[in-house]
Amino acid sequence: MTVALLEAGPTDTDKDVVLQLNRWMELLESGYDWDYPIEEQAKGNSFMRHARAKVLGGCSSHNSCIAFWAPKEDMDEWEQLGAAGWNAESTYPLFQRLETNDADGDHHGRSGPVHLMTIPPHDPCGVALLDACEQAGIPRTEFNSGETVVKGANFFQINRQEDGTRASSSVSYLHPILERENLTVLTDSWVRKILIDDEKRATGVEIVANAFGRGETITANREVIVSAGAIDSPKLLMLSGIGPAEHLAEHGIEAVVDSPGVGEHLQDHPEAVIAWDAKQPMITEGYQWWEIGIFADTREGTDVPSDKPGRPDLMMHYGSVPFDMHTLRQGYPTSDNTFCLTPNITHAKSRGTVRLRSRDFRDKPKVDPRYFTDAEGHDMRVAVEGIKLARQIVSQPAMADWAGEELFPGKDVQTDEEIADYVSRTHNTVYHPAGTVRMGAVQDEMSPLDPELRVKGVTGLRVADASVMPELTTVNPNITTMMIGERCADLVKASR
Ligand SMILES: Cc1cc2nc3c(=O)[nH]c(=O)nc-3n(C[C@H](O)[C@H](O)[C@H](O)COP(=O)(O)OP(=O)(O)OC[C@H]3O[C@@H](n4cnc5c(N)ncnc54)[C@H](O)[C@@H]3O)c2cc1C
């Protein structure tokens, strides 16, 4: 079998800013970022942008490499939602297969391509924060132990090699095999259309790989696999005639397959931010600056029912660097020596869309996450509780030597309404869009893919990336996305 891998961006092999994990924040809104604006939000922050990497390895080449196995409950839920065969029992061996992990535990992989390491407790403010979590009733806990953490905190595991190189999908899977004779990697090759013949079989793609915009055809003998991510995969399918027929018609595109679920179900982890001036100097050397996670369930002790049993509804990242990208313009004070907590909603109920702006492949699609629009108000309730819990943690004695003035939202923002107003104007995203080309039961017309990742209504075409998730994972999704890649490889091999 021969494989051609097409990537719109450049190679990562010679780029220190991409390869060195602790430089990841330099890549936001850089030339390596597709940098998608979002549509005007009724209840959220319309200034927000969705970073999406345009470089070999995709977002795994510019993310912060926080590495989580998905909770077993998430995987079992995928199967319940119609993705037969994607339960925990069948997917956990794939998580094991993909990793070489430095943590204890028989379940961990020791010889997989992706290196996972545990961040040591090197940051004194972070250590004080974990002590404060304990004082607030949130114990230090082990991540990726095989047990889902509903209430607990610690330094993260990250996918990083010992020398500081990110263990991206490119570094882990591609770099070791670039010389293989049956692999051709074509970078700077932007796919503008999937070619589908009269028998509805995907026969290849049209790419633009030059400055003068002339297209070329790459033919696929066996199949085409789309891994353009949760924003660009639905876009490419729609440009190729696979999507909601009415929407395609608006742009003069003839529907090859009327698939109403393409570009639907956009899910994300929206995150709020709360920051303090630090009383002591913060670290100047970091692994990736966002090194601690805190999980909690805001329904604990209440009668609010959970539809995600066994999983937390709130997660926070701790950042040891200034994070004022949405607060400064709103007039909040800032500081160069600061730390923050970013409560995110692990199972946000708001659902958005990805739609074409035009039939021109160069136009950025319309990304409308519809943040905080769920009818129950679940998403904002969790965000508000998150800000309150962050305050409770940082007010513990263990943080007394670190926590100075609260910079934002600040002491004047106290009631739930005031916090909600602040969150809606200043929230960001953890950059985890997913679900826009979801897999599901064969008869479910809102799931464009069957459980073998095949696009329904066409032969020879699969999708394998975060867009296929029936439901976004509780945790950061990159390792789960790699697991989807592992599974896809098995499915392709089995279909030979
Ligand atoms: C800033 C940031 C930080 C993050 N931090 C973390 C983290 O710490 N931990 C974690 O678990 N997750 C993190 N994530 C999320 C994680 O990186 C993504 O969920 C994951 O990379 C998604 O992979 P994907 O294959 O779906 O798509 P992507 O990673 O987006 O890859 C898509 C690739 O396809 C290419 N492409 C798109 N369209 C075309 C086209 N038409 N032709 C050719 N090529 C095309 C793109 O250039 C890109 O290389 C972060 C994401 C971002 C943006």
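The structure presented is a predicted model; accordingly, all values stated were derived computationally and were not measured. (Residues numbered from 1 in each chain as written. Predicted model: local features only at pLDDT ≥ 70, side-chain atom pairs only at ≥ 80, totals over all residues. Heavy atoms only, no water.)

S.K.: Can you help me understand the site of the ligand in this one?
M.R.: Lining the immediate surroundings of the ligand are 33 residues, of which Glu-7, Cys-59, Ser-64, Ile-66 and Asn-478 lie closest. Interatomic distance of 2.5 Å between a side-chain N/O atom of Glu-7 and an oxygen atom of the ligand. One of the backbone N or O atoms of Asn-476 is found 3.4 Å from an oxygen atom in the ligand. Every element with two or more residues in the shell around the ligand is listed here: strand E9 (190-196), helix H6 (229-239) and helix H10 (478-494). Partitioning the shell around the ligand into residue classes produces 16 nonpolar, twelve polar and five charged. (Near = heavy atom within 4 Å. Polar contact = N/O pair within 3.5 Å; in protein donor to acceptor, adjacent residues only side chain to side chain. Helix = DSSP H or I, 4+ residues; strand = E, 2+ residues; numbered from the N terminus. Nonpolar A, V, L, I, M, F, W, Y, C, P; charged D, E, K, R; others polar.)

S.K.: Can you walk me through the sheet that holds E9 in this structure?
M.R.: Pairing is antiparallel across the open sheet formed by three strands, whose spatial order is E9-E10-E11. Of all the strands in the sheet, the pair left with one neighbour each is E9 and strand E11 (215-219). Taken over all neighbouring pairs, the strand axes of this sheet differ in orientation by 30 degrees on average, direction set aside. Pairing analysis gives six bridges linking E9 to strand E10 (residues 202-208), with the strands arranged antiparallel. When the sheet's bridge partners are listed, Ile-196 is paired in E10 with Ala-202. (Pairing = 2+ DSSP bridges. Axes fitted to C-alpha atoms, helices over the stretch in contact; angles between N-to-C directions.)

S.K.: Any chance you could explain the pattern of salt bridges here in plain terms?
M.R.: Think of it this way: side chains of opposite charge can pair up when their charged atoms draw near. Within this structure, the stated rule accounts for 30 salt bridges. Asp-16 is the partner of Arg-23 in a salt bridge, and the nearest nitrogen-oxygen pair spans 2.9 Å. Residue classification places Asp-16 among the partly exposed residues on the basis of a relative accessible area of 42%. Its salt-bridge partner being Glu-385, residue Lys-388 comes within 3.3 Å of it at the nearest N-O pair. Residue Lys-388 and its partner Glu-385 are both found in helix H8 (residues 378-394); the two are separated by three residues, about one turn of the helix. For Lys-388, a relative accessible area of 30% translates into the label partly exposed. (Salt bridge = Lys/Arg side-chain N within 4 Å of Asp/Glu carboxyl O. Buried < 20%, exposed > 50% of the residue type's maximum accessible area, 1.4 Å probe, protein only.)

S.K.: Got a minute to help me understand a positive patch on the surface in this structure?
M.R.: A cluster of like positive charges, contributed by Arg-201, Arg-222, Lys-493 and Arg-496, occupies part of the molecular surface. Mapping Lys-493 onto the fold places it in helix H10. Judged by relative accessible area, Lys-493 falls into the exposed class, the value being 53%. (Patch = residues over 30% accessible without salt bridge, like charges linked within 9 Å, V, L, I, M, F, W, Y side chains within 5 Å. Areas by Shrake-Rupley, 256 points an atom, 1.4 Å probe, with all protein chains shown as cover. Lys, Arg positive; Asp, Glu negative; His and termini not counted. Charge placed at Lys NZ, Arg CZ, Asp CG, Glu CD.)

S.K.: Please explain the side chain of Thr-473 as it appears in this structure.
M.R.: Take Thr-473: it is sitting in the loop between strand E24 (461-463) and H10. What Thr-473 contacts, discounting residues up to four positions off in sequence, is Ala-70, Asp-74, Trp-78, His-269, Thr-346, His-347 and Thr-480. (Contact = heavy atoms within 4.5 Å.)

S.K.: Looking at this structure, how should I read the UniProt feature "domain: Glucose-methanol-choline oxidoreductase N-terminal" (unreviewed entry) in the protein chain?
M.R.: Here the UniProt feature "domain: Glucose-methanol-choline oxidoreductase N-terminal" (unreviewed entry) sits at residues 229-243. Secondary structure content for residues 229-243 is 73% helix and 13% strand, while the C-alpha to C-alpha distance between its ends is 16 Å. (UniProt positions renumbered as here; feature names shortened; annotations may be inferred.)

S.K.: Please explain empty space enclosed by the protein as it appears in this structure.
M.R.: Sizing a probe to match a water molecule and rolling it over the atoms shows the empty space that remains. For the structure shown, the criterion picks out four cavities of 30 Å³ or more. When its volume is computed, the largest cavity comes out at roughly 160 Å³. Forming the boundary of the largest cavity are 18 residues, of which Trp-69, Asn-144, Glu-147, Thr-148 and Val-149 lie nearest the centre. Tallied by class, the residues present in the lining of the largest cavity amount to ten nonpolar, six polar and two charged. Of the voids in this model, the second largest cavity is the one considered here, and its volume is about 60 Å³. Together, Leu-266, Gln-267, Asp-268, Pro-270, Ala-348, Ser-350, Pro-369, Tyr-371, Phe-372 and Asp-379 line the second largest cavity. The residue inventory of the lining of the second largest cavity, partitioned by class, reads six nonpolar, two polar and two charged. (1 Å grid on protein atoms, 1.4 Å probe; cavity = no way out; pocket = protein on both sides within 12 Å on 5 of 7 lines; lining within 4 Å. Points joined across faces, edges and corners; volume = space filled by probe spheres on them.)

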